[in-house]
Amino acid sequence: MKIYFDSSALIAAMVEEEEHHAAALGALADPEEGFTSTHALAETFATLTSGRLEIQLTPQEATQVIESNVAQRLQVLELSMADYRKAMQGSQAAGARGGAIYDMLHLQAARRGEAARILTINVRHLQTFAPDLKEIISLP
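Looking at this structure, how should I read the packing of helix 1 (residues 7–14) against helix 3 (residues 38–50)?
Packed helix pairs are specified by the crossing angle of their axes together with the interaxial distance, meaning the distance between the axes. Closest axis-to-axis distance for the helix 1/helix 3 pair is 9 Å, and the angle between their directions is 45 degrees. Considered as vectors, helix 1 and helix 3 are oriented oblique to each other. Between helix 1 and helix 3 the crossing geometry is right-handed. Together, Ser-7, Leu-10, Ile-11 and Met-14 of helix 1 and Ala-40, Glu-43, Thr-44, Thr-47 and Leu-48 of helix 3 make up the contact between the two elements. Of the residues that constitute the contact of helix 1 with helix 3, the class distribution is five nonpolar, three polar and one charged.

Okay, structure coming up:
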């Protein structure tokens, strides 16, 4: 089963203080046909280095954590300009504005990769923007 990990699921897996850490780590440890996107890697890097969490990693530390915990375990889908266009066009129908484009990019990556399941901490947001995927969007 193809499983897409968005950045919130990746962060939960890597940061012990996160509420869904154990479940996310378990899913990441045994990813079956797990995949993520280049967009998710960038969001994860930004969060790990921003100080928003109880920890703040240096760029070098964040890169190492992402490499060892994500890049070596999951396939990484590179988003193309066509993917960005689809996400932006889909925003109109979904009523997504501003920073919600980042959720739309996760949804586009999951669609393109033919995910059978989408793991996220932001279940309600993603389900709102993609009612057609509601049944496969879940917490880790």
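What is the right way to look at the packing of helix 3 against helix 4 (residues 59–71) in this model?
Relative orientation of the contacting elements helix 3 and helix 4 amounts to 135 degrees, with a least axis distance of 9 Å. Between helix 3 and helix 4, the crossing angle belongs to the class labelled oblique. Where helix 3 crosses over helix 4, the two elements pack in a sense that is right-handed. Of the residues in helix 4, those touching helix 3 at Leu-41, Thr-44, Phe-45, Leu-48 and Thr-49 are Pro-59, Ala-62, Thr-63, Val-65, Ile-66 and Val-70. Split by residue class, the contact of helix 3 with helix 4 holds eight nonpolar, three polar and no charged.

It is not clear to me how helix 1 should be interpreted in this structure. Could you clarify?
Each α-helix turn comprises 3.6 residues. Residues three or four places apart therefore point the same way. Here helix 1 lies mainly inside the structure; eight of its eight residues are buried. Within helix 1, the full set of buried residues consists of Ser-7, Ser-8, Ala-9, Leu-10, Ile-11, Ala-12, Ala-13 and Met-14.

Teacher, can you tell me more about the side chain of Asp-103 here?
As for its position among the elements, Asp-103 is in helix 6 (residues 101–112). One buried charged side chain, Asp-103, makes no salt bridge at all; its nearest oppositely charged neighbour is Arg-124, positioned 9.5 Å away. Excluding residues within four positions of it along the chain, Asp-103 makes contact with His-125, Leu-126 and Phe-129.

Conventions adopted
- Residues numbered from 1 in each chain as written.
- Predicted model: local features only at pLDDT ≥ 70, side-chain atom pairs only at ≥ 80, totals over all residues.
- Heavy atoms only, no water.
- Axes fitted to C-alpha atoms, helices over the stretch in contact; angles between N-to-C directions.
- Helix = DSSP H or I, 4+ residues; strand = E, 2+ residues; numbered from the N terminus.
- Parallel < 35°, antiparallel > 145°, perpendicular 65-115°, else oblique.
- Left-handed = near helix turned anticlockwise from the far one by under 90°.
- Contact = heavy atoms within 4.5 Å.
- Nonpolar A, V, L, I, M, F, W, Y, C, P; charged D, E, K, R; others polar.
- Buried < 20%, exposed > 50% of the residue type's maximum accessible area, 1.4 Å probe, protein only.
- Lys, Arg positive; Asp, Glu negative; His and termini not counted.
- Salt bridge = Lys/Arg side-chain N within 4 Å of Asp/Glu carboxyl O.

Bear in mind that shape data such as this cannot, by itself, settle questions of function.
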